[in-house]
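Letter by letter, the chains look like this.
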Amino acid sequence: MKADTTVDAVGLLCPMPIVKLSKGVKAMESGQVLELLADDAGADSDVPAWCKKTGNEFISSEEGDGCKKYYIRKS
Amino acid sequence: MSEQEKLSIIVFSGELDKALATMNIATGAAASGMEVTLFFTFWGVSMLKKKGPKKGASTILGKMFDKMLPGGPDKLPLSNLNMGGMGSKMMRKQMKSKKVQSLPEFLELAQELDIKMVACTMSMDVMEIPKEDLIDGIEYGGVAAFLNEASESKFSLFI
């Protein structure tokens, strides 16, 4: 998946992945895609929940190199 | 989102674990687009104390409280397994190695995320904690200020 920005939250625990995600999305244009790298197990439910709460689109997630990759489109 | 949702939390406890839970929820909510207000009252006021030399209390009773209360966010005990301070030391060490935010870092993050922090002036009066001894960038208020925020909030917590 091609992303406009990558935010690295590997090694960080709750609530930092979504705090970093929020900062990243804030700096983007509408329609752009953000790639979030995280290895906190809670991110699996936190990232889609954050998207639902903030009205941004959760596209997908996939296994990365020692972490998971989450793709979010800014609404 | 059309209108910004609000969350208000009463921070009553002066213990590390409860303070961390509070700051975790508060910063998470702010990062999710909510407008967050934290009201620090009673034991909770201690975590707003700034580093370094303090003005302190003026009366003997006030000075005794000053000695017994935690001197800032890095001095809070645990509510469980504190074991005379050994437990909280172990917890801080463990959290650092797991890269969890420390309480002072959480307070900085809260200010960065525009979380409104209000110190209860009644508690400050009772425990003789002067404004000069608290961190910058906070507000001061009483029950009406809290009720005003709480009545507009989606939900309120008491921790």
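Residues numbered from 1 in each chain as written. Chains lettered and ligands numbered in written order. Predicted model: local features only at pLDDT ≥ 70, side-chain atom pairs only at ≥ 80, totals over all residues. Heavy atoms only, no water.

Student: Tell me about the overall build of chain A, residues and numbers included.
Tutor: Along its length, chain A carries two helices and four strands. Taken from N to C terminus, the helices and strands of chain A fall in the order β-α-β-α-β-β. Here the C-alpha radius of gyration of chain A, 11 Å, is about what a compact globule of 75 residues would show, namely 11 Å. The principal-axis extents of the C-alpha atoms in chain A amount to approximately 30 × 25 × 20 Å. Looking at the 75 residues of chain A, the share that counts as buried comes to 43%. Sequence-distant contacts, at least 24 apart, represent 63% of the contacts inside chain A between residues at least 6 apart. Total accessible area on chain A is roughly 3,800 Å²; 49% of this is exposed by carbon and sulfur atoms. (Helix = DSSP H or I, 4+ residues; strand = E, 2+ residues; numbered from the N terminus. Rg over C-alpha atoms; globule rule 2.2 N^0.38 Å. Buried < 20%, exposed > 50% of the residue type's maximum accessible area, 1.4 Å probe, protein only. Contact = heavy atoms within 4.5 Å. Areas by Shrake-Rupley, 256 points an atom, 1.4 Å probe, with all protein chains shown as cover.)

Student: Any chance you could break down the nonpolar core for me, citing the residues and the numbers?
Tutor: Of all hydrophobic cores here, the largest spans 56 residues; its most connected members are Leu36 and Ile72 of chain A together with Val36, Leu38, Leu48, Ile115 and Met117 of chain B. A per-element tally of this core places helix 1 (residues 16-31) of chain B first, with eight residues. Discounting residues that sit within four places of it in the chain, Leu38 of chain B has contacts with Ile9, Val11, Thr22, Met23, Ala26, Ile115, Lys116, Met117 and Val118 of chain B. Counting five residues, the second-largest nonpolar core is a separate cluster that includes Phe39, Val118, Phe146 and Ala150 of chain B. (Core = buried A, V, L, I, M, F, W, Y, C linked by side-chain atoms within 4.5 Å.)

Student: Can you explain the sheet that holds strand 4 (residues 68-73) of chain A? Please cite residues and give values.
Tutor: Residues and elements named next belong to chain A. The strand order across the open sheet formed by four strands is 1-2-4-3, and the pairing between neighbours is mixed. The open sheet terminates on both sides in strands that have one partner only, identified here as strand 1 (5-9) and strand 3 (57-63). Going across the sheet, the axis of each strand differs from the next one's by a mean of 20°, ignoring polarity. Most of the contacts of helix 2 (residues 43-54) go to strand 4, to which it runs at about 5°, and overall it touches strand 2 (33-38), strand 3 and strand 4. (Pairing = 2+ DSSP bridges. Axes fitted to C-alpha atoms, helices over the stretch in contact; angles between N-to-C directions.)

Student: Lay out the UniProt feature "transmembrane region" (unreviewed entry) in chain B in plain terms, naming residues and giving numbers.
Tutor: With numbering matched to this structure, UniProt assigns "transmembrane region" (unreviewed entry) to residues 20-45 of chain B. Segment residues 20-45 of chain B splits into 46% helix and 23% strand. End C-alpha atoms: 14 Å apart. (UniProt positions renumbered as here; feature names shortened; annotations may be inferred.)

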